[in-house]
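# Coordinate analysis (summary)
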Amino acid sequence: MCGIAGIVEPRGRAGLEGRWEAAAARMSHRGPDATHYLIREIGPNQILLGHLRLAIVDLTPGSDQPMVRDRTDMVFNGEIYDFRHWRTKLETQGQVFETTGDSEVLLNAFRRQGSDCFQNFDGMWGLAILDRGRNRLTLSRDFFGEKPIYYLNDEGRFAFASDAIALCRLDGTARALDPAFLRHFILSGYAPPGCSVFEGIKRLEPRQTLTLDLDTMALSVDDQTPLFHAPVFSADAPFSMDQFHALFVKALETRLLADVPVGLMLSGGIDSSYVAAVARQDLDKRLHCLTVRYGQGSDVETDRARHVTETLGLPHHIVEVAEAEFETLVEDAIPSMDEPISDVAYPLLLRVVGATPQETRVLLTGDGADELFLSYAGYRKYLQHLGQPSGGVGRLGPLVAGTVCRGPELLRRIWRRAAPSLLPMSAAEMLFVDIALESGDWKRARLGDPGYNAEEQATLLYEHAYTNSLAEYLLVKSDRASMWHSKEFRTPYLNRTLLNYVGSCSFESLPRGRKTPLVARLNQMLGQDLGFSKRGMFAQGERTFNHLALPNLSPFDLPRPRSMQERYRHLVLGRWIEHHCPGQLG
């Protein structure tokens, strides 16, 4: 885990090294162990690649970056979990390695296969590779979007970074806030696809590869890999918890590979408790567990986490947070956000990560399990209506929503309220309108297309879950909280083999919207029924901040908050602007 940045700009543009130093200072928490950069001159351009290292695998200086092999330079943020498998394959092809880490495996795989190699890896990454032989710069982001990478392409300059604020510093130009981002953030809580809080800065999306031709400065972005392998939801393959468990053990085993101590963020819920049990009973790993207890209402989760660790014989640290601290926690969290984060649990997560022992650099989490089983309440609501027959003009609702959601947020709100009166839509059709308008993505309207059967609609629902709520919301929170304290989060549920196994099972056999087989297996492993249920860290926590005055955001013409969630988003956005961009409040 690290921080990366780079820029391609005309030769002679002043202040390059100073701008890199400013960007590196912003990202210093991402890589406290080593900071290096290189500058190349290719044609009319000067090119800088910079790297800040958090050493996890192969702690020697040989794995510092930028890593150079022949005419190829790389900066890489992330981990390739199955790198030993690919190292062995490359060695059989005659490849000689100088280090024992994953970075050199990735670089040499690219040298042999080009960007096709990204489709093979089980891992998380945001990376840039400069191929001086072909005068190309390649950027790639991992399959699920665990690691961020921002970029800009402006007036003959191209730049990228792991952090949006660091990117502004590296480019050295002031950036206005993007009104589309601000409105979408207030209404949905996360960024529109590809967009960032700053005008002109974009985010590379999960599974995307960007190529910059250094001779022409022409840029192309490709979506390399679909979410599922075809066919999806085969009628002849029932879901098997035994098979799922075996695949999960393998995924967890690779995520335990590290040359530093590994711990676990144990919420007391199903997902992280299953990680603890599998690690202990299947892999004989005693993980140091951390749990947060916050004021009133979290005793059930804390007690359950304590029962899990006592049953498994695991070391356990409970981080106590008093209600009086909540407001201070929000203030303390703002500097860590390169973009505003709307999840009210983020300040608590930041606090518990900060309480992790310094030597424990890797923390496992239960992220991604709810997407794998579509077990959030909203997903269960949609699943209840998949495949229901559409009738009459009600079919127009989702299709019109697909057009409306390309327009301003105000128009989307009006259509959401007017649609039930104007069109006799079924419950299923109305749900598809909701998801299309909420995501702001017209493609989501396909969820309500009557030409799709239940299995096809479920596939689209999975795409929505992984692209929006996971990549643009949950994983943003996890990356920023962990990296602010120089820790690496790893989650075994974000594994393509697991996802494709679920996608290969018959739709009717899946535990849709529930984790019943997972809970049953977990209770069996623990030898008792602990009453696991879905809650979530700091559920409904927004009400804690209802007494606080909202900031003045009138210069941005944003919609007034209509819920506790939107009120909290206004609060965070205002304080984020006050801290990072005070001049833009007028």
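Rules used throughout
Residues numbered from 1 in each chain as written. Predicted model: local features only at pLDDT ≥ 70, side-chain atom pairs only at ≥ 80, totals over all residues. Heavy atoms only, no water. Helix = DSSP H or I, 4+ residues; strand = E, 2+ residues; numbered from the N terminus. Polar contact = N/O pair within 3.5 Å; in protein donor to acceptor, adjacent residues only side chain to side chain. Pairing = 2+ DSSP bridges. Axes fitted to C-alpha atoms, helices over the stretch in contact; angles between N-to-C directions. Parallel < 35°, antiparallel > 145°, perpendicular 65-115°, else oblique. Left-handed = near helix turned anticlockwise from the far one by under 90°. Contact = heavy atoms within 4.5 Å. Nonpolar A, V, L, I, M, F, W, Y, C, P; charged D, E, K, R; others polar. Buried < 20%, exposed > 50% of the residue type's maximum accessible area, 1.4 Å probe, protein only. Right-handed = clockwise from strand over helix to strand, strands pointing away. Phe/Tyr/Trp six-rings, centres within 6.5 Å; stacked < 30°, edge-to-face > 60°. Salt bridge = Lys/Arg side-chain N within 4 Å of Asp/Glu carboxyl O.

### A closer look at the side chain of S375
By secondary structure assignment, the location of S375 is in the loop between helix 11 (369-373) and helix 12 (377-383). Among the polar contacts listed, one links the side chain of S375 to the side chain of D370, at a separation of 2.5 Å.

### Things to note about the sheet that holds strand 17 (residues 488-490)
Spatially, 5 strands are ordered 15-14-13-16-17 in an open sheet, and the strand pairing comes out parallel. Pairing within the sheet leaves two strands with one partner each, and these edge strands are strand 15 (316-321) and strand 17. The mean angle between the axes of side-by-side strands here comes to 30°, regardless of whether they run parallel or antiparallel. Relative to strand 15, strand 14 (residues 288-294) runs parallel, the two being bridged by 6 bridges. When the sheet's bridge partners are listed, Y294 is paired in strand 15 with V321.

### Re the packing of helix 2 (residues 83-92) against helix 3 (residues 102-113)
As a packed pair, helix 2 and helix 3 sit with axes 10 Å apart at the nearest point and diverge in direction by 50°. Relative to helix 3, helix 2 is oriented oblique. Note on packing geometry: the crossing formed by helix 2 with helix 3 is left-handed. Facing F83, W86, R87 and L90 of helix 2, the residues of helix 3 in contact are D102, V105, N108, A109 and R112. Along the lines of polarity and charge, the residues of the contact of helix 2 with helix 3 split into 5 nonpolar, 1 polar and 3 charged.

### Notes on the pairing of strand 14
Across the 7 residues of strand 14, 5 count as buried, placing the element largely inside the fold. Both strand 13 (residues 262-265) and strand 14 contribute to a ladder of 3 bridges, which runs parallel. By the bridge assignment, L264 is partnered in strand 14 with C289. Note on the crossover from strand 13 through helix 7 (residues 270-281) to strand 14: the handedness is right-handed.

### Considerations on the packing of aromatic side chains
Tallying each qualifying case throughout the model produces 23 aromatic pairs. When the centroid spacing of 4.8 Å and the interplanar angle of 45° are considered together, the rings of F248 and Y274 count as tilted. Of this pair, F248 sits in helix 6 (residues 241-255) while Y274 is found in helix 7, placing the two residues 26 residues apart along the sequence. Of the two residues examined, F248 and Y274, each falls in the buried class. Residues F248 and Y493 carry aromatic rings whose centres are separated by 4.8 Å and whose planes lie at 50° to one another, so their mutual orientation is tilted.

### Notes on the sheet that holds strand 11 (residues 208-213)
Strands sit in the order 4-5-6-7-11-12 across an open sheet of 6 strands; the sheet is antiparallel. What marks the edges here is a single partner per strand, and that holds for strand 4 (67-69) and strand 12 (219-223). Averaged over all adjacent pairs, the angle separating strand axes in this sheet is 20°, with direction ignored. Examined bridge by bridge, strand 6 (residues 123-131) and strand 7 (residues 136-141) share 6 bridges and lie antiparallel to one another. Following the sheet pairing, L127 is matched in strand 7 by S140. Set on the sheet, helix 3 makes contact with strand 4, strand 5 (72-80), strand 6 and strand 7; between it and strand 5 the angle comes to about 125°.

### Description of the pairing of strand 5
Regular strands have side chains that alternate between both faces of the sheet. In terms of burial, strand 5 is largely enclosed, as 9 of its 9 residues are buried. Taken together, the 3 bridges between strand 4 and strand 5 define a ladder with antiparallel strand orientation. Each residue of the ladder has a partner; that of V68, found in strand 5, is D73. Where strand 4 folds back on strand 5, the antiparallel hairpin that results is connected by 2 residues, among which D70 adopts a positive phi of roughly 55°. Where strand 5 lies against strand 6, 9 bridges are found, and the strand directions are antiparallel. In the sheet register, E79 faces strand 6, and the bridge partner there is M124.

### Brief notes about unusual backbone geometry
Cis geometry is found at the peptide bond from Q65 to P66, where omega equals 5°. Topologically, P66 is positioned in the loop between strand 3 (45-53) and strand 4. With phi around 55°, D58 is a residue other than glycine that occupies positive phi space. Along the polypeptide, D58 turns up in the loop between strand 3 and strand 4. Given the relative accessible area of 5%, D58 is considered buried. The backbone of S486 shows a phi angle near 55°, a positive value even though the residue is not glycine. Relative to the elements of secondary structure, S486 occurs in the loop between helix 16 (454-484) and strand 17. The class for S486 is buried, based on a relative accessible area of 17%.

### Regarding the pattern of salt bridges
Applying the stated criterion across every chain yields a total of 36 salt bridges. Of the charged contacts in the structure, one is a salt bridge between R40 and D73, with a shortest N-O distance of 3.0 Å. Taken together, the positions of R40 in strand 2 (residues 34-42) and D73 in strand 5 put the pair 33 residues apart, joining distant regions of the chain. When the shortest N-O distance is used, the salt bridge between D303 and R306 registers 2.8 Å. Taken as a pair, D303 and R306 lie in helix 8 (residues 299-312) at a separation of 3 residues, close to a single helical turn. Since its relative accessible area comes to 35%, D303 is described here as partly exposed. Linked through salt bridges whose partners overlap, the residues forming this network are E9, R13, R19, D154, E155, R157, D171 and R175.

Limitation: the analysis is restricted to geometry and does not speak to function.
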